[in-house]
Amino acid sequence: MYMNLSHRAPHLFVRATSVISALVFLAGAVSPALADSATLAPQTKIRLTIVQWIQSKGQFERWDAIGGEYTVSDAGTVSLPFLGSVSVGNMTDLTNEIAKRLQAKMGLAQTPAVTIDVLDYPAIYVVGDVMAPGEYRFRSGLSVLQSLAMSGGPLRAGPQQQSQTITLVGELREIDHSLLRSAAKLSRLQAEMSGAKEITFDHPPAVDQQYAASIYDEERVIFQARASALDRQSTALVELRDLLKAEIDTLEEKLKGSDDNIHSVEEQLTSVKTLVEKGLTITSRQMDLERLLTTYRSDRLDLVTAIMRGRQAINETTRNLEGLSDTRRSEIASEVQAEKAKVDQFKLKRDTTQQLLLEDLSTGTDVKKRIAELPLTFIVSRREKGQVTQFQASETTELAPGDVVRVTRPGMADGPSEDAAALPVETEADISQASR
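This one's a predicted model, so the numbers in the text were calculated from it and none came from an experiment. (Residues numbered from 1 in each chain as written. Predicted model: local features only at pLDDT ≥ 70, side-chain atom pairs only at ≥ 80, totals over all residues. Heavy atoms only, no water.)

Chemist: Can you tell me about the overall build of the protein, naming the residues and giving the values?
Modeler: Looking only at helices and strands, the protein has nine helices and 11 strands in total. Sorting the 436 residues of the protein into buried and exposed places 31% on the buried side. Entry remark: accessible area of the protein is about 27200 Å², with carbon and sulfur atoms responsible for 53%. (Helix = DSSP H or I, 4+ residues; strand = E, 2+ residues; numbered from the N terminus. Buried < 20%, exposed > 50% of the residue type's maximum accessible area, 1.4 Å probe, protein only. Areas by Shrake-Rupley, 256 points an atom, 1.4 Å probe, with all protein chains shown as cover.)

And the structure:
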């Protein structure tokens, strides 16, 4: 009996532990869910947990086949296995509806315990006159002012214009450098096409001399490397042609020796045939000479074939050597054409950027500074019961999941006033100087 009690003790302990854990889980999870009467908005992600007490087993069991993570649809429903589509409403109504349906479907004496946890709310969106409009994560109690802080605060006209000016100046500077690189490359390609030993570059602007010097050095390195590669290819083809000629000379010498051997064997065979006819020698001697003559003639054919292949290889090598320069000139011409097209694009882009910078510098900043002092207005768009409503909000208005907050500063879209028109206008020469 002592042995049976000691054997059952761990099982009783495990069962008691599972029951206590389930009771603690229900005590901590059910109450807050049932107390929450907030409506679940579309696209809300929830976790559904269903637990039932099994009297016969004396323990709780989780229904993982139905429980899990779900997303509320735009129609305000959740599609569950076995139960189908369930209207959401608030969390209290949803838990009661699921429990009642399960009891009716399964024929249970008691309703199972259903808990719902919100995993993620639909995001809110902040648009309009803010520094970083976009999508932001929702949290409970989020206000309009907090959403404004999340989006970087109100749009500041003065720094924005300064940032745009700096960006345009940087783009103009980059375009000038691209034009300088393209001009250097064209000089190098023209030198390669003409077969010059050195490259002649155009004189760069004074402010770009240091940058141009580095670009010119790079082009000179490329010029020397390509010239060396061309010389190596030409040298290799010439050496291959000379090697093939020497091999053909050797084969021709062997061909002469083969002809002498054939002539000698033919003479011996003629003498042996005469002796065989007179009965002065045996027939096997004649047969040996005939086999030897056949072997010499076969070797001669191999030598003739090798000589023909060598001469064909010489002709091919000569063609490659002669076409090396033509191929190189064709490649260079294609590169020149492509580079000139890039230069035309850079010039067009430079003119456009200069015009944008001219207009940006001619805009007055005093007017925009005064606009920055104007108050903000907030318009909230909210979806309720399948319809979108808009209302004007304040900084303390509490947001709901999925809200769209439009921030507007009056006068931001207005054009410059007379004060802005009276500001001095920069010339294109000033812009070019500023870009450098």
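Chemist: Tell me what's going on with the packing of aromatic side chains, and back it up with residues and numbers.
Modeler: Applying the stated rule across the entire model yields two aromatic pairs. Considering the side-chain rings of Tyr121 and Phe138, the 5.3 Å spacing of their centres and the 75 degrees angle between planes classify their relative orientation as edge-to-face. Of this pair, Tyr121 sits in the loop between strand E6 (113-120) and strand E7 (124-128) while Phe138 sits in the loop between strand E8 (134-136) and helix H3 (144-150); the two residues are 17 residues apart in sequence, bridging distant segments of the chain. (Phe/Tyr/Trp six-rings, centres within 6.5 Å; stacked < 30°, edge-to-face > 60°.)

Chemist: Could you give me a rundown of the UniProt feature "coiled-coil region" (unreviewed entry) in the protein, with the residues and numbers involved?
Modeler: Per the UniProt record, "coiled-coil region" (unreviewed entry) is found at residues 234-268. Along residues 234-268 the backbone is 100% helical and 0% strand, and the end-to-end C-alpha distance reaches 52 Å. (UniProt positions renumbered as here; feature names shortened; annotations may be inferred.)

Chemist: Explain the confidence of the model for the protein residue by residue, including any values.
Modeler: Confidence along the protein averages 78 in pLDDT terms, with 80% of residues attaining 70 or more. The model gives residues 413-436 a pLDDT under 50, and that stretch makes 33 contacts with residues more than four places away or in other chains. (pLDDT = per-residue confidence, 0-100. Contact = heavy atoms within 4.5 Å.)

Chemist: Residue-level account of the sheet that holds E7, with values.
Modeler: Reading across from one edge, E8-E7-E11-E9-E10 is the order of the five strands in this open sheet, with mixed pairing throughout. The two strands at the open ends of the sheet, each matched to only one other strand, are E8 and strand E10 (387-393). Strand after strand, the sheet turns through a mean of 25 degrees between neighbouring axes, direction not considered. (Pairing = 2+ DSSP bridges. Axes fitted to C-alpha atoms, helices over the stretch in contact; angles between N-to-C directions.)

Chemist: Before we move on, could you go through the environment of Leu240 and cite the residues and values that matter?
Modeler: Mapped onto the elements of the fold, Leu240 is located in helix H5 (residues 209-278). Counting along the chain gives 77 residues from Leu240 to Thr317, while the straight-line C-alpha distance between them is 7.4 Å.

Chemist: A description of the pairing of E10 should follow, citing residues and the corresponding values.
Modeler: One ladder, built from seven bridges, connects strand E9 (residues 377-384) with E10; its direction is antiparallel. Its bridge partner being in E10, Arg383 is matched across the sheet by Val388.

Chemist: For the environment of Arg241, give the residues involved together with the corresponding values.
Modeler: Considering the arrangement of structural elements, one finds Arg241 in helix H5. In this structure, the C-alpha to C-alpha distance between Arg241 and Arg311, residues 70 residues apart in sequence, is 9.5 Å.

Chemist: Break down helix H2 (residues 91-106) for me, citing the residues and quoting the values.
Modeler: The first and last C-alpha atoms of H2 sit 22 Å apart over 16 residues, in line with the 22 Å expected at 1.5 Å per residue. Within the span of H2, buried status applies to Met91, Thr92, Leu94, Thr95, Ile98, Ala99 and Leu102. Positive backbone phi, at 70 degrees, marks Gly107, one or two positions downstream of H2. (Expected span 1.5 Å × (residues − 1).)

Chemist: So what's going on with H5? Residues and values would help.
Modeler: Taking 1.5 Å of rise per residue, the 70 residues of H5 would be expected to cover 104 Å, and the 103 Å separating its terminal C-alpha atoms lies within 8% of that figure. Gly279, located one to two residues past H5, shows a positive phi value of around 80 degrees.

Chemist: Any chance you could break down the pattern of salt bridges for me, citing the residues and the numbers?
Modeler: Pairing is possible between side chains that carry opposite charge, provided their charged atoms lie close to one another. Following the criterion strictly, the structure yields 16 salt bridges and no others. For Arg188, the salt bridge goes to Glu192, with nearest N and O atoms at 3.7 Å. Here Arg188 and its partner Glu192 are both found in helix H4 (residues 157-194), four residues apart, which amounts to about one turn of the helix. Across this residue pair, the class does not change: Arg188 and Glu192 are buried. Between Asp288 and Arg291 there is a salt bridge; the shortest N-O distance is 2.2 Å. Residue Asp288 and its partner Arg291 are located together in helix H6 (residues 283-362), separated by three residues, close to a single helical turn. Beyond isolated ion pairs, a larger network of salt bridges with shared partners links Arg188, Glu192, Glu219, Arg226 and Glu335. (Salt bridge = Lys/Arg side-chain N within 4 Å of Asp/Glu carboxyl O.)

Chemist: Report on the side chain of Ser187, specifying residues and quantitative values.
Modeler: Examined against the element boundaries, Ser187 turns out to sit in helix H4. Residues within four places of Ser187 in sequence aside, it is in contact with Ile199, Thr200 and Phe201.

Chemist: Run through the nonpolar core, naming residues and quoting values.
Modeler: Ranked by size, the top nonpolar core spans 21 residues in total, and within it Leu48, Ile50, Leu80, Leu94 and Ile98 carry the most contacts. Counting only elements with at least two residues in this core, the list comes to strand E1 (45-54), strand E4 (77-80), H2 and E6. Of all the elements, H2 adds the most residues to this core, at five residues. Look past the residues within four positions of Ile98 in its chain and what remains in contact with it is Leu48, Ile50, Leu80, Leu83, Val86 and Val114. Judged by nonpolar contacts, the second largest core, of 14 residues, contains Phe138, Val144, Leu148 and Ala393. (Core = buried A, V, L, I, M, F, W, Y, C linked by side-chain atoms within 4.5 Å.)

Chemist: Go over the side chain of Asp403, please, and point to the residues and values.
Modeler: Here Asp403 is to be found in the loop between E10 and strand E11 (404-408). At a separation of 2.7 Å, a polar atom in the side chain of Asp403 contacts the side chain of Arg382. (Polar contact = N/O pair within 3.5 Å; in protein donor to acceptor, adjacent residues only side chain to side chain.)

Chemist: Quick one: what's the story with the environment of Tyr70, residue by residue and with numbers?
Modeler: For Tyr70, the location among the structural elements is in strand E3 (residues 68-71). On the accessibility criterion, Tyr70 (16% relative accessible area) is buried. Considered as a pair, Tyr70 and Lys45 are 25 residues apart in the sequence and their alpha carbons are 5.8 Å apart. Ignoring anything within four residues of it in the chain, the contact list for Tyr70 reads Thr44, Lys45, Ile46, Leu48, Val78, Ser79, Leu80 and Pro81.

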